[in-house]
Amino acid sequence: MRVVRRSGTRPYYAQEPAELLPPAEDASYRSADGSGSVLPVLAAGRYAGNLARVLLAYKNHGRTDLAAVLRPMLAGALHQAAEDAGRSSLVLVPVPGTGRAIRRRGYSPLGLLLGTLGARGLLPAGTSVKPLVRHAPSGLLRLLLPGNLGAGIPRGSGRSQKHLGRRGRRTNVYGTMTAGRAGSLTGARVLVVDDVLTTGATIAEATRALRAAGARVEGAVVIAATSPPARDAGNTAGES
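Cut-off values and rules
Numbers given to residues run from 1 along each chain, matching the order in which its sequence is written. Per-residue local features are limited, in this predicted model, to residues with pLDDT of at least 70; the limit for side-chain atom pairs, both in listing and counting, is 80 or more; totals at the level of whole chains, interfaces and linings are taken over all residues. Values reported for side chains reflect all heavy atoms of the structure, with hydrogen atoms and water molecules removed beforehand. Aromatic rings from Phe, Tyr and Trp, taking only the six-membered ring of Trp, are treated as a pair when their centres fall within 6.5 Å; an angle between ring planes under 30 degrees marks them as stacked, one over 60 as edge-to-face, and anything in between as tilted. Working definition: helices are DSSP H or I runs of at least four residues, strands are E runs of at least two. Numbering for both runs from the N terminus. In this analysis the charged atom, NZ for Lys or CZ for Arg, is taken to sit over a ring once it is within 6 Å of the ring centre and within 35 degrees of the ring normal. Here's how the labels work: a residue is buried when its accessible area is under 20% of the maximum for its type, exposed when over 50%, partly exposed in between, all with a 1.4 Å probe on protein chains only. Pairing between strands requires that DSSP locate at least two bridges from one strand to the other. Helix span, as expected, comes to 1.5 Å for every residue beyond the first.

### A word on the packing of aromatic side chains
1) Next: Applying the stated rule across the entire model yields one aromatic pair.
2) Next: A centroid spacing of 6.0 Å and a plane angle of 50° characterise the contact between Tyr58 and Tyr107, whose relative ring orientation is tilted. With Tyr58 in helix α2 (residues 49-60) and Tyr107 in the loop between α4 (99-105) and α5 (109-119), this pair connects stretches of sequence that are 49 residues apart.
3) Next: Directly above the ring of Tyr174 sits Arg208, whose terminal nitrogen or CZ lies 5.4 Å from the centroid.

Below, the structure written as structure tokens:
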């Protein structure tokens, strides 16, 4: 476990290879090819080896004791992301788990981590955790998008993303989340929080829902990313 903890002591920006992430709110972060801005995502560590095994055991095999290993990693990444985004009145918004997954596990992996960090006073100063994003009831997307832009858009099936390709991941989740009606979150500054970053499809959907409700999404934080750390949080070259 000590090796896993050490792997999360140098958060790094992992957004470049995640091709389905949405644009950033400004042009501070550029895509890998320099063609445009991309939502910054700070990862505590790389999704490989021992960290991947710990995360899978924590999420899928009832090993809630492993929260003690993951909490400091997530806390470190949250503090760094909050500092980079400006700490003032930031809301940490966890990506919602499906009701089926929560019933199967008996707990919400992200909710357990964030709830404990909040209870122990370990969240960044000036931040709060609010579950602003939820899974949308069937048909609600068309009511939330202005000008009925949702007409003709197939809703995602909500299946697991694990074995889907790039296009499948995007269509699988599109329209599955909502953060309320247009304008209901105007003025809110948020960081999306998820467990693992792969293509970015799930974070993109949560971001779409939040922006549709008027929130400003400054970036996202994940416990682990599938990409190697080319850069750390200080934008210096990562170790090989």
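### Topic: the pairing of strand β2 (residues 41-46)
1) Next: With five of six residues buried, β2 is to be regarded as a mostly interior element.
2) Next: Bridging between strand β1 (residues 12-13) and β2 involves two bridges; their strand directions are antiparallel. In the sheet register, Tyr13 faces β2, and the bridge partner there is Leu42.
3) Next: Pairing between β2 and strand β8 (residues 216-225): five bridges, direction parallel. Bridge pairing in β8 links Ala43 to Val222.

### Regarding α2
1) Next: With 12 residues, α2 extends 17 Å from end C-alpha to end C-alpha; this agrees with the ideal 16 Å at 1.5 Å per step.
2) Next: Residue Gly62 follows α2 closely and has a positive phi angle near 70°.

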